[in-house]
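# Results of the structural survey
Next come the chains, spelled out residue by residue.
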Amino acid sequence: SQKIEQNSEALNIQEGKTATLTCNYTNYSPAYLQWYRQDPGRGPVFLLLIRENEKEKRKERLKVTFDTTLKQSLFHITASQPADSATYLCALVPFTYKYIFGTGTRLKVLA
Amino acid sequence: EPEVTQTPSHQVTQMGQEVILRCVPISNHLYFYWYRQILGQKVEFLVSFYNNEISEKSEIFDDQFSVERPDGSNFTLKIRSTKLEDSAMYFCASSEMANSNQPQHFGDGTRLSIL
């Protein structure tokens, strides 16, 4: 069955550094991959989408890469701030209506 | 910015009772979804809904669950006879299209506690 794994349960970094989060998937070849942010007690909020034929996508301080050979996506936050502290989820979407979410990586940016 | 709203924010129910969770999706969206998130675990797909029909459902969405769009704005999830293991956050989401390149817009959830 399709499986998504995100690296480590928690990631602590110093303010100003670049945070890199990993999303690996198996038994699946998605056309798109999405990244969401989730704050405690809130619903996920869409951040970025990347297509299989795009190697990289940027939005302000965010950057996503997509390597279909490695079956991996990397999510980077540059010049990180304490306000970036949250759980980040990757999501794959098969060619149906069903979204599959990863377990999420909890990021904490230390001031 | 338009948003998805869910009510109530917290629902406490006795085991075996029926519960209805309510959602108002974004007005021009056509596709609606329910997800479940057990405390500390991942967001799990339950069901998707389009044109007054279920499009897809997961193995979690058994006969105890049903969805309905009773009018032009509300989208509901009903659990007929709740179990302890139904305790979770339930998120409603909507999207303009069902294409996998469409972001989903989530509400802030209903925390369901079964006693």
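What this report covers is the structure whose coordinates are included nearby. (Residues numbered from 1 in each chain as written. Chains lettered and ligands numbered in written order. Predicted model: local features only at pLDDT ≥ 70, side-chain atom pairs only at ≥ 80, totals over all residues. Heavy atoms only, no water.)

### Observations regarding the nonpolar core
Grouped burial of nonpolar side chains is what soluble globular proteins tend to show. In this structure, L33, W35, F75, Y88 and L107 of chain A are the most contacted members of the largest nonpolar core, which totals 25 residues. Leaving out residues up to four positions away in the same chain, L33 of chain A has contacts with C23, Y25, L48, L49, I50, F66, S73, C90, A91 and L92 of chain A. (Core = buried A, V, L, I, M, F, W, Y, C linked by side-chain atoms within 4.5 Å. Buried < 20%, exposed > 50% of the residue type's maximum accessible area, 1.4 Å probe, protein only. Contact = heavy atoms within 4.5 Å.)

### Notes on the pattern of salt bridges
Residues and elements named next belong to chain A. All chains considered together, the criterion is met by eight salt bridges over all chains. For the salt bridge of E56 with K63, the shortest nitrogen-to-oxygen distance reads 4.0 Å. Overall, the relative accessible area of 39% leaves E56 in the partly exposed class. Under the relative-accessibility criterion, K63 is labelled partly exposed at 21%. A cluster of three or more residues bridged by salt bridges with shared partners is formed by E56, R58 and K63. (Salt bridge = Lys/Arg side-chain N within 4 Å of Asp/Glu carboxyl O.)

### So, the state of the cysteines
Evaluation of the coordinates by the stated rule reveals two disulfides over all chains. There is a disulfide in this structure between C23 of chain A and C90 of chain A, and the S-S distance comes to 2.0 Å. With the S-S dihedral at roughly 70°, the linkage between C23 of chain A and C90 of chain A falls on the right-handed side. Pair noted here: C23 of chain A is in strand β3 (residues 19-26) and C90 of chain A is in strand β9 (residues 86-92), with a separation of 67 residues, a long-range link. Assigned by exposure class, C23 of chain A and C90 of chain A land together as buried. Paired through a disulfide, C23 of chain B and C92 of chain B show a sulfur-sulfur distance of 2.0 Å. Measuring the twist about the S-S bond at about -65°, one finds the C23 of chain B-C92 of chain B disulfide to be left-handed. (Disulfide = S-S within 2.5 Å. Helix = DSSP H or I, 4+ residues; strand = E, 2+ residues; numbered from the N terminus.)

### Brief notes about the packing of aromatic side chains
Going through the model one piece at a time under the given rule, you end up with 18 aromatic pairs over all chains. Where Y35 of chain B meets F45 of chain B, the ring centres are 5.8 Å apart and the plane angle is 75°; that geometry is what we call edge-to-face. Within this pair, whereas Y35 of chain B is found in strand β4 (residues 31-37), its partner F45 of chain B is found in strand β5 (residues 44-50), the two being separated by ten residues in sequence. Aromatic side chains Y35 of chain B and F106 of chain B sit 5.3 Å apart centroid to centroid with 45° between the ring planes, which places their arrangement in the tilted category. Placement of the pair is Y35 of chain B in strand β4 and F106 of chain B in strand β10 (residues 105-106), with a sequence separation of 71 residues. Residues Y35 of chain B and F106 of chain B agree in their burial class; the two are buried. Put simply, the rings of Y36, F46, Y99 and F101 of chain A together with Y33, Y35, F45, F91 and F106 of chain B touch in pairs and so form one group of aromatic residues. (Phe/Tyr/Trp six-rings, centres within 6.5 Å; stacked < 30°, edge-to-face > 60°.)

### Some points on the side chain of D84 of chain A
Residue and element names in this part refer to chain A. Within the secondary structure layout, D84 lies in the loop between β8 (72-77) and β9. Residue classification places D84 among the buried positions, given a relative accessible area of 7%. Setting aside residues no more than four positions away along its own chain, D84 makes contact with R37, R61, I77, L107 and V109.

### Details of the interface of chain A and chain B
In this assembly, 21 residues from chain A lie in contact with 22 residues from chain B. Between chain A and chain B lies a buried interface of about 1,900 Å² when both sides are counted; carbon and sulfur atoms form 56% of it. Between chain A and chain B we count one salt bridge in total. The partner of R42 of chain A in a salt bridge is D108 of chain B, with the nearest N and O atoms 2.8 Å apart. The tally of links between chain A and chain B comes to six residue pairs in polar contact (both at pLDDT 80 or more). Secondary structure elements with two or more residues in the side of chain A that touches chain B: β4 (32-38) and β5 (45-51) of chain A. Residue contributions to the side of chain A that touches chain B peak at four residues, all from β4 of chain A. Residues that form the side of chain A that touches chain B fall into these classes: eleven nonpolar, seven polar and three charged. (Buried area = accessible area lost by both parts, 1.4 Å probe. Polar contact = N/O pair within 3.5 Å; in protein donor to acceptor, adjacent residues only side chain to side chain. Nonpolar A, V, L, I, M, F, W, Y, C, P; charged D, E, K, R; others polar.)

### Structural notes on the environment of E9 of chain A
Within the secondary structure layout, E9 of chain A lies in the loop between β1 (3-6) and β2 (10-14). When residues no more than four places from it in sequence are discounted, the contact partners of E9 of chain A are T105 and R106 of chain A.

It is worth stressing that arrangement in space is one thing and function is another; only the former is reported here.
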